[in-house]
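Breakdown of the fold
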Amino acid sequence: MNYYFSKRISGLKPSAIREILKATQDPSIIPFAAGNPDAAAFPVSDIERISGEIFANDPVTALQYGVTEGYTPLRERLTKYLKDKFNIGRDFDNLIISSGAQQVMDLATKALCDLGDTVICECPSFIGSLNCFRSYGCKLAGVSVEADGMNIEELEGAIKSAENPRLIYTIPNFQNPSGATMSLEKRKAVYALAKKYGLLILEDNPYGDLRVSGKDIPPIKSFDEDGIVIYAGSFSKLLAPGIRVGYIVAPDEIIAKMTVGKQAADVHTPVFSQMLVDKWMEQCDIEKHIENIRGIYRRKLNLMCDLIDEKLGDFVKYVRPEGGLFVWCELPESVDMLGFVKDCIDNGVALVPGTAFMINNEKTNCFRMNFSTPFDEKIIEGMEILGRVKDKYIG
């Protein structure tokens, strides 16, 4: 039988990251292409204990249908936590629970964008969000990412030239894949441009808790007095990705439409997962946990970057990120990036080619490496392999 597929899905290509990850199922492949949190960061004993308490004391709530907006105690606790810690949330805002931060992108696009509308994105950017926007028939306009975030002059030019721009999508903290952190000045400039031209900002902050150096910078949402910022947060990197709990803070009118969209998608995020997060926030020392996971990633990031300096030297250009999970490396123009990535995979190290993160097939000679997934000894072994592959290109 010949199958007909919708136009919005026919044009999508499989995520290059997910395709490369298939190769990492081979235990001999060192997974620099992944993006999983270090399993040592999971509070397994707390999760085990809290799970037992939930099923001992309130199993029916955990296993029954819930409301689409989310488990009320968690929503209330999160609302207070975000307000107290980050100054996120105004009287016009509301908060609902999502099935991970990825669903926020889907619900925002579903609620706010029509076929042919433009989403303005950092270039490079996270492939999962880009494919989400594409799946709704959105056009994408790319703005280059500098060491301190979006190029503001390019951003205004993109807004002016775009066909019916609707959203500015940004990952301001330790951006995936570039690792760049947007400065406070640029955050304010992005906000000012969105306000000037009547656009909404979709602020994606999955990595904000993973800072290993430098000072925290306020979220864009923290100075949103005009109701123009949709904030996406997640427990995937803070607690564990498998529980699939994220959240959305946005003006109430937008939240109402996103709630309707979620009802049509998955009815609600699993109640047990929400109860688990709520009890974890209530009973455990979140700040101590954050310091613990920062220590894990600080060690691994510095290990990888020190080895880049030692094994690759001037062969690559990169900026040591202040947090997150990724390092973005640029090869010399004379080097075939895709060939280099293939050679690395053939020698047992999986990288992600930078082309996977481009907006509209822009040229790039970059590749992305992840330091959170492999064990320390695998980081050392993998960087030694990259050093040997490099010698082929400079010999």
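You'll find the structure just up there.
We now turn to the structure provided with this report. Numbering of residues starts from 1 in each chain and follows the order in which that chain's sequence is written. The model is predicted, so local features are restricted to residues of pLDDT at least 70 and side-chain atom pairs to those at 80 or more, both for listing and for counting; the totals for chains, interfaces and linings are taken over all residues. Side-chain metrics rest on all non-hydrogen atoms present in the structure, leaving aside hydrogens and water.

**Describing the environment of Val 349**
Position of Val 349 relative to the elements: it lies in the loop between helix H13 (337–346) and strand E10 (352–353). Relative accessibility under 20% of the residue-type maximum defines a buried residue, over 50% an exposed one, and the middle range a partly exposed one, all with a 1.4 Å probe and only protein chains included. We classify Val 349 as buried; its relative accessible area is 0%. In this view, Val 349 contacts Ile 30, Phe 32, Cys 344, Gly 382, Ile 385 and Leu 386; residues no more than four positions away in its chain are not counted. Every helix listed is a DSSP run of H or I at least four residues long, and every strand listed is a run of E at least two residues long, numbered separately from the N terminus. In what follows, residue pairs with any heavy atoms lying within 4.5 Å of each other are defined as contacts.

**Examining the pattern of salt bridges**
Salt bridges are defined by distance alone: a side-chain nitrogen of Lys or Arg within 4 Å of a carboxyl oxygen of Asp or Glu. In this structure the tally under the stated criterion is 29 salt bridges. We note a salt bridge from Arg 299 to Asp 376, for which the minimum N-O separation is 2.8 Å. You can see Arg 299 sitting in helix H12 (residues 286–312) and its partner Asp 376 sitting in helix H14 (residues 376–394), a full 77 residues away along the chain. Members of the salt-bridge network, linked through shared partners, are Arg 211, Asp 216, Glu 291, Arg 294 and Glu 322.

**A few points about a nonpolar patch on the surface**
Nonpolar side chains collect at one region of the surface, where Met 1, Tyr 3, Phe 5 and Ile 9 lie side by side and expose about 570 Å² of accessible area between them. Examined against the element boundaries, Tyr 3 turns out to sit in the segment before helix H1 (7–10). Here a patch means residues that are over 30% exposed by relative accessible area and free of salt bridges, tied together within 9 Å if like-charged and within 5 Å if nonpolar (Val, Leu, Ile, Met, Phe, Trp, Tyr). Only the protein chains shown count as cover for residues, with accessible areas throughout obtained via the Shrake-Rupley method and a probe of 1.4 Å.

**Some details on the nonpolar core**
Among buried residues, the Ala, Val, Leu, Ile, Met, Phe, Trp, Tyr and Cys ones that are joined through side-chain atoms within 4.5 Å form a nonpolar core. Counting residues in hydrophobic clusters, the biggest one holds 122 residues, and the most contacted among them are Phe 235, Leu 351 and Met 369. A total of eleven residues in this core trace back to one element, the largest contributor, which is H12. Setting aside residues no more than four positions away along its own chain, Met 369 makes contact with Phe 32, Met 304, Ile 308, Leu 325, Phe 326, Val 327, Cys 329, Leu 351, Met 383 and Leu 386.

**Thoughts on the packing of aromatic side chains**
Pairs were defined over the aromatic rings of Phe, Tyr and Trp, the Trp ring being its six-membered one, requiring ring centres within 6.5 Å. Orientation was assigned from the angle between planes: stacked under 30 degrees, edge-to-face over 60, tilted for the rest. Applying the stated criterion across every chain, the model contains ten aromatic pairs. Look at Tyr 81 and Phe 86: their rings are 6.4 Å apart centre to centre, the planes differ by 80°, and that puts the pair in the edge-to-face class. By relative accessible area, Tyr 81 is classed as buried at 19%. Residue class for Phe 86 comes out partly exposed when judged on its relative accessible area of 25%.

**As for the packing of H13 against H14**
At a minimum axis separation of 10 Å, H13 and H14 run at an interaxial angle of 135°. Regarding the angle of H13 to H14, the classification is oblique. In the crossing of H13 with H14, the sense of the turn from one axis to the other is right-handed. Together, Gly 339, Phe 340, Asp 343 and Cys 344 of H13 and Leu 386, Val 389, Lys 390, Lys 392 and Tyr 393 of H14 make up the contact between the two elements. Every angle, taken between N-to-C directions, lies between 0 and 180 degrees, and every axis is a line fitted to C-alpha atoms, over only the stretch in contact when it is a helix. Throughout this description, any angle smaller than 35 degrees is read as roughly parallel, any larger than 145 degrees as roughly antiparallel, any in the 65 to 115 degree range as roughly perpendicular, and the remainder as oblique. Crossing handedness is read from the near helix: turned anticlockwise from the far helix by less than a right angle, it gives a left-handed crossing, and turned clockwise, a right-handed one.

**Examining the sheet that holds strand E9 (residues 326–330)**
Neighbouring strands of a sheet are bound in pairs by backbone hydrogen bonds; such pairs are parallel or else antiparallel. Here, strands pair whenever DSSP counts at least two bridges between them. The strand order across the open sheet formed by three strands is E9-E11-E10, and the pairing between neighbours is antiparallel. Unpaired on one side and paired on the other, E9 and E10 mark the two borders of the sheet. Bridge analysis of E10 against strand E11 (residues 366–370) gives two bridges, and the strand direction is antiparallel. Bridge pairing links Val 352 to Arg 368 in E11.

**Things to note about H14**
Taking 1.5 Å per residue as the helical rise, H14 with its 19 residues ought to reach 27 Å, and the 27 Å between its terminal C-alpha atoms agrees with that figure. Of all the positions in H14, only Ile 379, Gly 382, Met 383, Ile 385, Leu 386, Gly 387, Val 389 and Lys 390 are classed as buried. Buried residues along H14 sit in contact with H12, H13 and E11. Expected helix span is taken as 1.5 Å per residue step, with the number of steps being one fewer than the number of residues.

That is the geometry; function is a separate question.
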